Amino acid sequence: VDGAVLAALATDDGVGRLGGSLRPWWRLCDRPLLMLAQLRWSRGEREDLTVSALGASAGLGVHLAASSWPVALELRGEVVGEHVSLQARDAGGERTEADAAWRLGARAGADVLVWWGGGWAVFVGGELSVLRPRLVVDVAEEPRLREGWWGVGALAGVRWQASR
């Protein structure tokens, strides 16, 4: 199981987010194939804009490592569903508009793991996601906040594995 801190970069005039994830995964019979599930949450604020997201995903991956090396590379693809809430205020703080929606799509990522013993590893990774629909919040007929259809993120965390 993995526990990670994640950062999502702002795209399409949106707000960058920080959050966390919990990712159980399973390797099948010492083969390089992985099955994984993931729960994640994130929140970001910029001036008078706020974004929060709660999501889940499931996917497959491949674990690439030499048996004698403590370093491994994992490549993964996931089907994603997330609930995003957006809130924007006008410059004077007098008017607030909000929107929320479920978004569906896909995410591809790569992680580098370094094992240090006892079934523990640290990892860093990056990912690219494509989620629909694109969300826009207007305040007083002016677009104030956009959550685009694509995203880029990074994560760093710790993994524990019962047997390696």
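We now turn to the structure provided with this report. (Residues numbered from 1 in each chain as written. Predicted model: local features only at pLDDT ≥ 70, side-chain atom pairs only at ≥ 80, totals over all residues. Heavy atoms only, no water.)

Thoughts on the overall build of the chain
For clarity, the threshold we go by: In this text, helices come from DSSP runs of H or I with a minimum length of four residues, and strands from runs of E with a minimum of two, each type numbered from the N-terminal end. Between buried and exposed lies partly exposed: a residue is buried under 20% and exposed over 50% of the maximum accessible area for its type, with that area taken using a 1.4 Å probe on protein chains only.
For the chain, the count of helices and strands is zero helices and eleven strands. Walking the chain from its N terminus toward its C terminus, one meets helices and strands in the order β-β-β-β-β-β-β-β-β-β-β. Each principal axis of the C-alpha atoms in the chain carries an extent, and together these give about 60 × 25 × 20 Å. A buried classification covers 40% of the 164 residues belonging to the chain.

Quick notes on the pairing of strand β4 (residues 33–46)
To keep things clear, this is the line we draw: Paired strands, in this sense, are two strands between which DSSP finds at least two bridges.
Bridge count for strand β2 (residues 17–23) against β4 is five bridges, and the pairing is antiparallel. Counterpart to Gly-20 in the pairing with β4 is Trp-41. Pairing between strand β3 (residues 25–27) and β4: three bridges, direction antiparallel. Pairing of Trp-26 across the sheet is with Met-35, part of β4. As consecutive antiparallel partners, β3 and β4 are separated by five residues, and within that stretch Cys-29 has a phi angle of approximately 50°, a positive value. Where β4 lies against strand β5 (residues 49–64), 14 bridges are found, and the strand directions are antiparallel.

A few points about the environment of Leu-49
How we decide: Contacts: residue pairs with any heavy atoms within 4.5 Å of one another.
Structurally, Leu-49 is set in strand β5. Spatially, the C-alpha atom of Leu-49 lies 7.6 Å from that of Leu-86, the residues being 37 residues apart in sequence. Beyond its immediate chain neighbours, meaning those up to four positions away, Leu-49 contacts Val-15, Gly-44, Gln-87, Ala-88, Arg-89, Arg-144 and Leu-145.

Describing the pattern of salt bridges
Two side chains carrying opposite charge are able to pair once their charged atoms lie near each other. This is how the line gets drawn: Salt bridges are counted wherever a side-chain nitrogen of Lys or Arg sits within 4 Å of a carboxyl oxygen of Asp or Glu.
Under the defined criterion, the tally for this structure stands at 15 salt bridges. As a salt-bridge pair, Glu-78 and Arg-76 come within 2.8 Å of each other at their nearest N and O atoms. Residue Glu-78 shares its accessibility class with Arg-76, and that shared class is buried. Residue Arg-76 is joined to Asp-111 by a salt bridge in which the shortest nitrogen-to-oxygen separation is 3.1 Å. One end of the pair, Arg-76, is in strand β6 (residues 71–89); the other, Asp-111, is in strand β7 (residues 96–117), and 35 residues separate them in sequence. Here Arg-76 falls in the buried class, since its relative accessible area comes to 7%. Judged by its relative accessible area of 1%, Asp-111 is buried. Several salt bridges share partner residues, and in doing so they unite Asp-2, Arg-23, Arg-40, Glu-74, Arg-76, Glu-78, Arg-107, Asp-111, Glu-127 and Arg-159 into one network.

Comments concerning the pairing of β7
Two strands pair when backbone bridges link them, and β6 and β7 are joined in this way by 19 bridges, in the antiparallel orientation. Each bridged residue has a counterpart across the sheet, and for Val-80 the counterpart in β7 is Gly-105. In textbook terms, the turn of a hairpin is the stretch between consecutive antiparallel strands, and for β6 and β7 this stretch comprises six residues, one of which, Gly-93, has a positive phi near 75°. Taken together, the 13 bridges between β7 and strand β8 (residues 120–132) define a ladder with antiparallel strand orientation. Bridge pairing in β8 links Ala-110 to Gly-126.

A few points about the nonpolar core
Which entries qualify depends on this criterion: Take the buried residues of types Ala, Val, Leu, Ile, Met, Phe, Trp, Tyr and Cys, join any two whose side-chain atoms come within 4.5 Å, and each joined set is a nonpolar core.
In terms of nonpolar packing, the biggest core is built from twelve residues, these being Val-15, Leu-49, Val-51, Ala-53, Val-84, Leu-86, Ala-88, Ala-101, Leu-135, Val-137, Val-139 and Leu-145. At the level of elements, β5, β6 and β9 (135–139) are the ones that each hand at least two residues to this core. When residues no more than four places from it in sequence are discounted, the contact partners of Val-137 are Leu-86, Ala-88, Glu-97, Ala-98, Asp-99, Glu-142, Pro-143, Arg-144 and Leu-145. Among the nonpolar cores identified, the runner-up in size contains eight residues, and Leu-6, Trp-115, Ala-121 and Leu-155 belong to it.

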